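The residues making up each chain are set out below.
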Amino acid sequence: MKNSIYISQHVPDELVAKYELSQAANNFCKNIVDLDYFSICLSIPPSNVDNKFKPFIDANSHVEYHVCRVFPHKGLFRIVNCILDNLWIYYRLLCLKEHKVWWYNIYSGNLIAYLLSRFLSKKKNFVLLADYNPNRYNNILGKFILSSLKSANGIISLSARCSNVNKNFMSIPGIIPSIKIQKKKGVLHSNAFLLSGTLNENTGLGLAIEVFKQLPTVQLYMTGILSIDKKQEIEGIEKQCPNIHYLGFMENYQDYLNLLSSVDYVLSLRNPKSPVNTYNFPSKILETLAYNKIVISTIKYPELKGINYIISKYDVNELVTLIKDILSSKMDDKINSCLDNSSILSQIVTEQAWIKAFEKIENK
């Protein structure tokens, strides 16, 4: 019998681009809902979702989408609306018979509701921790959030590198439905490279540009969110370098998957010296591996133990040399091993792995 509630933050797919939300986070939350492990899911979208969003229940997924936008969602009124969101969550939880609550992250937008549920109800409260950065916890609000994580009855984290945050802890780097893991071994066909997601210096935008300026015959495709200034800069670079292509933010997720299918290599160029990258895990990596595409990463992730991918230093010259070696057949054995990770992925990130993890944490 189902006895757990999931407090999510996702929105219907067609609204992700409108509110400039994370497509990866939205996909993750939807995949968790689709596990059919929870008896009910309450989705409270982030505070940048405005008055135009109306509460409703999705008849297909049975997700209750709710926001309180009693006042104009600006300035201090925005804070008041968010407080009302929290009070509504707490009230809704009290009305439900289920005894276990899973929260997608603890952040300013749900902190009050979490504290009320944790200390003023008999329910057990767990956290699905997708975003952890201790540098954010230096102010008063951050200390409350960190304390909340430690007080949770258990945590499942996408990063294995924050195991000290809670005694009842497990790590799974992400979720890929088993049906989306390609069983057929990957095949090289384009020698094209892809960089996607939120594009900035922290995620390797500058590094990628400098590398592919030196590789004029190799195609680099980029898609994702760029600041206005960076977008203008990239437009200028495209004119100088015909092998560099910025395709904008793809509102239709299927368009992105089609692009992913068309390339051979996907770049994950996180700066290992940046504190924010010390604890996070890029979900794009799993998505790439599920398509049996080759990942080139500047960080060696403990979460990917047993998975074959290529590691490079976060350095222009090192990465240029690596790509030349890859394309000149010097690394054929390594490339061949990276074209099929389906077996290990099926063991560690599919539905059954998550259901077992939820049950283990809840029953410990």
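Now for a description of the structure that goes with this document.

Conventions we followed
Residues numbered from 1 in each chain as written. Predicted model: local features only at pLDDT ≥ 70, side-chain atom pairs only at ≥ 80, totals over all residues. Heavy atoms only, no water. Salt bridge = Lys/Arg side-chain N within 4 Å of Asp/Glu carboxyl O. Helix = DSSP H or I, 4+ residues; strand = E, 2+ residues; numbered from the N terminus. Buried < 20%, exposed > 50% of the residue type's maximum accessible area, 1.4 Å probe, protein only. Pairing = 2+ DSSP bridges. Contact = heavy atoms within 4.5 Å. Axes fitted to C-alpha atoms, helices over the stretch in contact; angles between N-to-C directions. Polar contact = N/O pair within 3.5 Å; in protein donor to acceptor, adjacent residues only side chain to side chain. Core = buried A, V, L, I, M, F, W, Y, C linked by side-chain atoms within 4.5 Å. Parallel < 35°, antiparallel > 145°, perpendicular 65-115°, else oblique. Left-handed = near helix turned anticlockwise from the far one by under 90°. Nonpolar A, V, L, I, M, F, W, Y, C, P; charged D, E, K, R; others polar. Phe/Tyr/Trp six-rings, centres within 6.5 Å; stacked < 30°, edge-to-face > 60°.

Attention now goes to the pattern of salt bridges. Taken as a whole and judged by the stated rule, the model has 13 salt bridges. Of the charged contacts, one joins Lys-100 and Glu-362 as a salt bridge, the two residues approaching to 3.6 Å between their closest N and O atoms. Here Lys-100 is found in strand S5 (residues 100–104), whereas its partner Glu-362 is found in helix H12 (residues 351–363), with 262 residues between them in sequence. A relative accessible area of 6% means that Glu-362 is categorised as buried. The salt bridge involving Arg-161 is made with Glu-303; its shortest N-O contact spans 3.0 Å. With Arg-161 in the loop between strand S7 (154–157) and strand S8 (169–171) and Glu-303 in the loop between strand S13 (294–297) and strand S14 (310–311), this pair connects stretches of sequence that are 142 residues apart.

Moving on: the sheet that holds S13. A sheet is described by the order of its strands in space; here six strands give the open sequence S11-S10-S9-S12-S13-S14, paired in parallel fashion. Edge strands, defined here as strands with exactly one partner in the open sheet, are strand S11 (244–246) and S14. Across the sheet, helix H6 (residues 228–240) touches strand S10 (220–225) and S11, and the angle it forms with S11 is around 145°. Each of strand S9 (193–198), S10 and strand S12 (265–268) touches helix H7 (residues 253–262); the most contacted strand, S9, lies at about 150° to it.

Relative to the helices and strands, Pro-45 is located in the loop between strand S2 (40–43) and strand S3 (56–57). Residue Pro-45 is classed as buried on the basis of its relative accessible area, which comes to 3%. Spatially, the C-alpha atom of Pro-45 lies 13 Å from that of His-73, the residues being 28 residues apart in sequence. If we skip the residues at most four places from it in the chain, Pro-45 touches Gln-9, His-10, Val-11, Phe-53, His-66, Val-67 and Arg-69.

Moving on, we get to helix H1 (residues 23–33). Taking burial as the measure, the 11 residues of H1 include eight buried ones, the bulk of the element. When we look at burial in H1, the residues that qualify are Gln-23, Asn-26, Asn-27, Phe-28, Cys-29, Asn-31, Ile-32 and Val-33. In this structure Ser-22 caps H1, since a side-chain oxygen of it lies 3.4 Å from the backbone nitrogen of Ala-24.

One finds Tyr-6, Ile-32, Trp-102, Leu-304, Trp-354 and Phe-358 to be the most contacted residues of the largest nonpolar core, which totals 47 residues. Taken together, the elements giving at least two residues each to this core come down to H1, strand S4 (63–65), S5, strand S6 (124–129), helix H8 (283–290) and H12. The element best represented in this core is H12, accounting for five residues. Apart from the residues lying within four places of it in its own chain, the contact partners of Ile-32 are Tyr-6, Phe-38, Leu-128, Ile-175, Trp-354 and Phe-358. Counting 34 residues, the second largest nonpolar core, distinct from the first, contains Ile-209, Met-222, Ile-296 and Leu-322.

Turning to the packing of H7 against H8, a few remarks are in order. Two numbers describe how H7 lies on H8: the axes approach to 11 Å, and their chain directions differ by 60°. With respect to H8, the axis of H7 lies oblique. Here H7 and H8 pass one another in a crossing that is right-handed. Contacts between H7 and H8 involve Tyr-253, Tyr-256, Leu-257 and Leu-260 on the former and, on the latter, Lys-284, Glu-287 and Thr-288. Of the residues in the contact of H7 with H8, the class split is four nonpolar, one polar and two charged.

So, on to the packing of aromatic side chains. Here a ring pair, both rings aromatic, is described through the centre-centre distance and the interplanar angle of the planes. Enumeration according to the criterion identifies 20 aromatic pairs in this entry. Ring geometry for Phe-38 and Phe-358: centres 5.2 Å apart, planes at 75°, overall edge-to-face. Here Phe-38, found in the loop between H1 and S2, pairs with Phe-358, found in helix H12; they are 320 residues apart in sequence, far enough to count as distant. On the accessibility criterion, Phe-38 (8% relative accessible area) is buried. When its relative accessible area of 0% is taken as the criterion, Phe-358 is described as buried. Ring geometry for Tyr-132 versus Tyr-137: centroids 5.7 Å apart, planes at 55°, classification tilted.

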